[in-house]
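Commentary on secondary and tertiary structure
Each chain, letter by letter, is given below.
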Amino acid sequence: MGRITLDKVTKSFGEVNVIPPLDLTINDGEFVVFVGPSGCGKSTLLRLIAGLEDVTSGQIRIDGEDATDMPPAKRGLAMVFQSYALYPHMSVRKNIAFPMKMAGMPQDEQNHRIEAAAKSLNLTDYLDRRPGQLSGGQRQRVAIGRAIVREPSAFLFDEPLSNLDAALRVNMRLEISELHNALKTTMIYVTHDQVEAMTMADKIVVLRAGNIEQVGSPLDLYHSPQNEFVAGFIGSPKMNLIRGAEAAKHGVATIGIRPEHLAASTESGLWQGTVGVAEHLGSDTFLHVHDHGLGEEPLTVRVDGEMPVRHGDRIFLTPDESKLHRFDKQGLRA
Amino acid sequence: MARRVTNRRKAVVTVLAWLVGLAIFFPILWIVILSFKSEGDAIKTPFEVLGSAWTFESYATVQERSNYFRHFWNSVVISLGSTLIGLLIAIPAAWAMAFVPGKRTKDVLMWMLSTKMLPPVGVLVPIYLIFRNLGLLDTRFGLVIVLTLINLPIIVWMLYTYFKEIPGEILEAARMDGASLKNELIHVLTPMAVPGIASTLLLNIILAWNEAFWTLNLTAAKAAPLTAFIASYSSPEGLFYAKLSAASTMAIAPILIMGWFSQKQLVRGLTFGAVK
C-alpha cells in the first residue's frame with residue numbers, strides 16, 4: 001500500500017515561505033510526477049514527504065497514518081537521489097544490502113533479494129565492484145536496486161536522470177516505467193523535464209512557486225491546460241501564445257495554439273510570415289516564423305519533414321479553430 | 001601572460017628550498033651529531049666538534065641514569081589515550097556542526113579555537129590545584145584528560161573540515177535506508193571519513209607527544225613522559241650537552257620515524273580544505 005495524503009502542508013525556511021498551504025492526494029500504485037521550473041518547490045515537497053525536511057504546519061498521512069513527525073526511516077519510503085548517493089566505501093552488494101541490514105533482515109533473505117534485484121537490473125556481474133568503478137547508468141541502477149529490495153510502500157525519485165547523457169536518459173526512463181508496471185508500487189518522481197513528466201506519469205502535478213497550478217493526466221494537461229503557465233510548460237515545442245488584436249477577435253486576452261495545430265502552406269492561409277530558423281528533425285520540421293504581425297515572439301509551427309521550406313521563405317499559417325486555447329486577463333482558461 | 005620557468009629560475013628556487021629545509025633541519029642534525037660526542041668534545045667550537053671522535057658513551061650513561069622505556073611508555077599512553085578519547089568526543093561534535101548547523105555553529109567553532117589563543121600558563125594555577133585536590137598530579141590519567149581538552153578544538157576543527165566535504169545526500173540516503181543516527185555515524189560517515197580521521201589522529205599524536213608545558217608541570221616521576229626525560233638533563237649543576245642531545249635524540253626518534261612514514265597523510269591533513 002502507498003496512499004499519501006498532504007493536508008494543508010506548508011514549509012518556510014526562516015522568513016521565506018516556500019510551500020503555501022498545499023493539499024494533494026497520491027493514490028496507491030500511482031506514478032505521480034512533480035514538474036515545474038527550478039525553484040518551484042518540487043524537490044522540497046518530495047523531501048517533506050520523505051521526512052528529510054520538517055513541515056512547518058499541516059499534516060502528511062501515509063496509508064491513513066499520521067507521518068508528519070515520523071523520522072524518514074519509519075515512513076517505509078525509499079528514495080533515489082539525483083547524485084545517486086551511493087556509499088562509496090561499500091561494494092555494490094553491500095550498498096544494496098544496507099537497508100535490509102538496517103532492518104535486521106536474515107542473511108538468507110538478504111542474499112536472495114540482492115540476487116533478484118541484481119538480475120532484474122543487470123548488475124549481477126558488478127556486485128563486488130565499488131560505485132567508483134561503475135558508469136553513471138550502472139550507478140543509477142544500483143541506487144534503484146537499493147530502493148527496491150526494501151519493498152517500500154512508495155518510491156521517491158529526485159531528478160534521478162539529470163546526471164545521465166541523453167541516450168541513457170531515454171533508456172532509464174523506460175526502465176523506470178517498466179519497473180512501475182512490474183511492481184505496481186506508488187512512485188513519486190520529481191523532474192524539471194516536461195518530456196519525462198509526459199512520458200512516465202499517470203498523474204502530473206505542475207508546480208510554480210510552491211503552488212499547484214494543475215493536477216491531471218498528461219493528456220488532460222496537454223488538451224486542456226487550466227492556465228497560461230501550464231499551457232506554456234507542457235508540450236514540446238511550447239504552445240504559441242498570442243495577445244492583442246488577434247486574441248480580442250476571440251473575445252479573450254490571450255489565445256494559444258500548439259505548433260502541431262497550425263496548418264502551413266506556401267500559397268494561402270489566415271496569417272502570414274517569414275521563415276526564420278527551420279529545425280529539420282527528419283520526420284518533422286519545426287519552423288520559427290517571424291514578421292507575422294501578431295506580436296514580438298516568433299510563432300513555432302510543426303510541418304512535415306518533407307516540406308520544402310528554407311530560411312526567408314514566405315509562409316501562410318492557419319490555426320485549427322477547434323484546438324485553440326483561450327485565456328482571460330488573469331491567465332486562466334476562459 | 002604566463003611566467004616563463006627558465007632553468008636558471010628553477011635552479012635558484014631549488015637552492016633556496018634546500019637552504020630553508022637545511023636551516024629548519026639543522027638543529028635536529030646538530031643534536032644527533034652532539035649525541036655521538038663525548039661531553040668534553042661537545043662544548044668545543046663547531047669545527048672541532050665535527051673533527052672529534054665519535055662515541056656511544058652518552059647513550060650508555062643516559063640508559064644507566066634513567067629508565068628510557070618507562071618514559072617512552074608514558075608518552076605512548078598519554079598521546080594515544082588523549083587522541084583516541086578526543087576523537088570519540090570530536091566525531092559526534094563535528095558531525096553536528098557539519099551536517100546540522102545551527103545559527104551559532106560558526107561562533108562555537110571560533111570560540112573553541114579561541115581557547116587555543118589563551119596562554120596555557122594563565123590557567124596553570126587553577127588546573128594544578130584541581131589536579132592536586134583530585135589526586136591527579138603525576139598520573140597518566142590526569143595528563144590524558146588535560147591533553148584531550150587542549151587538543152580537542154584542533155581535532156573538532158580538522159574533522160569538521162573533512163566532514164564538510166562529504167555530500168549530505170549520502171547521509172540522507174542512509175536515513176532513508178533506515179539507519180539510526182548511531183548507524184549513520186558508524187556505518188556511513190566514519191568509514192567515508194577514514195582518510196581525514198587518520199590524518200587527524202596522526203597530527204594529534206604528534207602534538208600530544210611533543211606537548212611539554214603540561215607534562216612538565218603536572219608530573220614528577222611516575223607519569224613523566226619523554227619531554228620530562230629530556231628536561232631532566234638540563235639540571236642545576238649545568239648543561240651536559242652530549243647527554244642532553246642523546247636523551248633528545250632518543251625522545252624524538254619514535255615520533256620522527258612515525259612522521260616520516262605518514263608524511264603523505266599528514267600533508268594532506270594539514271592542507272585539506274585549503275583549496276576549494
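Residues numbered from 1 in each chain as written. Chains lettered and ligands numbered in written order. Predicted model: local features only at pLDDT ≥ 70, side-chain atom pairs only at ≥ 80, totals over all residues. Heavy atoms only, no water.

The UniProt entry for chain B carries this comment under Subcellular location (unreviewed entry): "Cell membrane". UniProt, in its Sequence similarities (unreviewed entry) section for chain B, records the words "Belongs to the binding-protein-dependent transport system permease family." (UniProt positions renumbered as here; feature names shortened; annotations may be inferred.)

Taken verbatim from the UniProt record of chain A, the Sequence similarities (unreviewed entry) comment is "Belongs to the ABC transporter superfamily."

Reports of interface size often rely on the accessible area that becomes lost once the parts have come together. On domain assignment, one finds that chain B holds domain 1 (7-58) and domain 2 (67-234). The centre of domain 1 of chain B, based on its C-alpha atoms, is set 35 Å off from the matching centre of domain 2 of chain B. (Domains from an automatic or database assignment.)

Within the fold, Leu-203 of chain B resides in helix α11 (residues 194-210). Between the C-alpha atom of Leu-203 of chain B and that of Gln-265 of chain B, which follows or precedes it by 62 residues, the distance is 9.3 Å. (Helix = DSSP H or I, 4+ residues; strand = E, 2+ residues; numbered from the N terminus.)

Moving on, we get to helix α6 (residues 105-114) of chain B. Residues and elements named next belong to chain B. Taken together, the buried positions of α6 are Thr-105, Leu-109 and Met-112. Taken around the axis of α6, the buried residues stretch over an arc of 60°, which confines them to a single face. Of the exposed residues in α6, those oriented more than 90 degrees away from the buried face are Lys-106 and Trp-111. (Buried < 20%, exposed > 50% of the residue type's maximum accessible area, 1.4 Å probe, protein only. Arc of directions from axis to C-beta.)

Residue and element names in this part refer to chain B. Reported here for the largest pocket is a volume of approximately 550 Å³. Every element with two or more residues in the lining of the largest pocket is listed here: α6, α7 (124-134) and α8 (140-164). For the lining of the largest pocket, the element with the most residues is α8, which contributes six residues. A breakdown of the residues in the lining of the largest pocket according to their chemical character gives 16 nonpolar, one polar and two charged. (1 Å grid on protein atoms, 1.4 Å probe; cavity = no way out; pocket = protein on both sides within 12 Å on 5 of 7 lines; lining within 4 Å. Points joined across faces, edges and corners; volume = space filled by probe spheres on them. Nonpolar A, V, L, I, M, F, W, Y, C, P; charged D, E, K, R; others polar.)

Next up on the list: the interface of chain B and chain A. If you look at the interface, chain B gives 15 residues, while chain A gives 24 residues. For the pair chain B and chain A, the summed buried area comes to about 1,600 Å², and 64% of that belongs to carbon and sulfur atoms. When the buried surface of chain B facing chain A is broken down by residue, Glu-169, Met-176 and Asp-177 of chain B rank first, second and third, together holding 44% of it. Note that Glu-172 of chain B is salt-bridged to Arg-47 of chain A, the shortest N-O span being 2.6 Å. Applying the counting criterion to the chain B and chain A interface returns seven residue pairs in polar contact (both at pLDDT 80 or more). The element that contributes the greatest number of residues to the side of chain B that touches chain A is helix α9 (residues 168-176) of chain B, accounting for seven residues. Its residues assigned to classes, the side of chain B that touches chain A shows eight nonpolar, three polar and four charged. (Contact = heavy atoms within 4.5 Å. Buried area = accessible area lost by both parts, 1.4 Å probe. Salt bridge = Lys/Arg side-chain N within 4 Å of Asp/Glu carboxyl O. Polar contact = N/O pair within 3.5 Å; in protein donor to acceptor, adjacent residues only side chain to side chain.)

Residues and elements named next belong to chain A. Within the open sheet, the three strands sit side by side as β11-β12-β18. Their pairing is antiparallel. Each edge of the open sheet is held by one strand with a lone partner, namely β11 (240-243) and β18 (325-327). The sheet shows a mean angle of 25° between the axes of neighbouring strands, direction not considered. (Pairing = 2+ DSSP bridges. Axes fitted to C-alpha atoms, helices over the stretch in contact; angles between N-to-C directions.)

Here we come to the domain arrangement of chain A. Residues and elements named next belong to chain A. The domain architecture assigned to chain A consists of domain 1 (4-231) and domain 2 (237-327). Facing the eight residues of domain 1 at the interface are nine residues of domain 2. In this assembly, domain 1 packs against domain 2 so that about 680 Å² is buried in total across both faces, 52% of it on carbon and sulfur atoms. There are one salt bridge connecting domain 1 and domain 2. Arg-243 serves as the salt-bridge partner of Glu-228, at 3.0 Å between the closest nitrogen and oxygen. Those elements giving two or more residues to the side of domain 1 that touches domain 2 turn out to be α7 (218-223) and α8 (228-233). At three residues, the largest contribution of residues to the side of domain 1 that touches domain 2 is made by α7.

With 25 residues, α8 of chain B ought to run about 36 Å at 1.5 Å a step, and its terminal C-alpha atoms sit 34 Å apart, in line with that. Along α8 of chain B, the largest kink reaches about 45° and is centred on Asn-151 of chain B; proline Pro-153 of chain B follows within four residues of it. (Expected span 1.5 Å × (residues − 1). Bend = angle between axes of the 7 residues up to and from the residue.)

Let us now look at the packing of helix α2 (residues 92-102) of chain A against helix α4 (residues 136-148) of chain A. All names here are of chain A. Between α2 and α4, the least distance of the axes is 7 Å, while the angle of their chain directions is 30°. On the basis of their axis angle, the class for α2 and α4 is roughly parallel. In this structure, the crossing between α2 and α4 has a hand that is right-handed. Mapping the contact onto sequence places Val-92, Asn-95, Ile-96 and Pro-99 in α2 and Val-142, Gly-145 and Arg-146 in α4. For the contact of α2 with α4, the residue count by class is four nonpolar, two polar and one charged. (Parallel < 35°, antiparallel > 145°, perpendicular 65-115°, else oblique. Left-handed = near helix turned anticlockwise from the far one by under 90°.)

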